[in-house]
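Close look at the chain arrangement
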Amino acid sequence: MPKQEHLKLPAVLSEIEMSRSAFYRMIARGKGPRLLKLPNGQIRVRRTDLDAWWATLEQGIAA
């Protein structure tokens, strides 16, 4: 079984082309991908969670 990819926040922000402040506002409204907070305080996003979040946005536009 392949290891699950965990993306650092700068990589996520680059991929979705969003500023850090806009991203955190979206998260505060409950509209973003699921975040993982590591014991050292760093944030990660699972690749599968980011892809699932993108899919929900695509479904919302198609509807």
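Structure report, in brief. Note that this is a predicted model, so its numbers are computed, not measured.

Examining the overall build of the protein chain
The secondary structure content of the protein chain amounts to three helices and three strands. With the principal axes as the frame, the protein chain shows a C-alpha extent of 40 × 35 × 20 Å. In the protein chain, which comprises 63 residues, the proportion classed as buried is 25%. Of the roughly 4700 Å² of accessible surface on the protein chain, a fraction of 55% belongs to carbon and sulfur atoms. For the protein chain, the distance from the average site of its 11 positive side-chain charges to the average site of its 6 negative ones is 11 Å.

What to know about the pattern of salt bridges
Taken as a whole, this structure holds four salt bridges when the rule is applied. A salt bridge links glutamate 15 to arginine 47; its shortest N-O distance comes to 2.9 Å. With glutamate 15 in helix 1 (residues 9-16) and arginine 47 in helix 3 (residues 47-62), this pair connects stretches of sequence that are 32 residues apart. Looking at glutamate 15, the relative accessible area reads 33%, which means it is partly exposed. The residue aspartate 49 makes a salt bridge to arginine 46 at a minimum N-O spacing of 3.6 Å.

Quick notes on the rules
- Residues numbered from 1 in each chain as written.
- Predicted model: local features only at pLDDT ≥ 70, side-chain atom pairs only at ≥ 80, totals over all residues.
- Heavy atoms only, no water.
- Helix = DSSP H or I, 4+ residues; strand = E, 2+ residues; numbered from the N terminus.
- Buried < 20%, exposed > 50% of the residue type's maximum accessible area, 1.4 Å probe, protein only.
- Areas by Shrake-Rupley, 256 points an atom, 1.4 Å probe, with all protein chains shown as cover.
- Lys, Arg positive; Asp, Glu negative; His and termini not counted.
- Charge placed at Lys NZ, Arg CZ, Asp CG, Glu CD.
- Salt bridge = Lys/Arg side-chain N within 4 Å of Asp/Glu carboxyl O.

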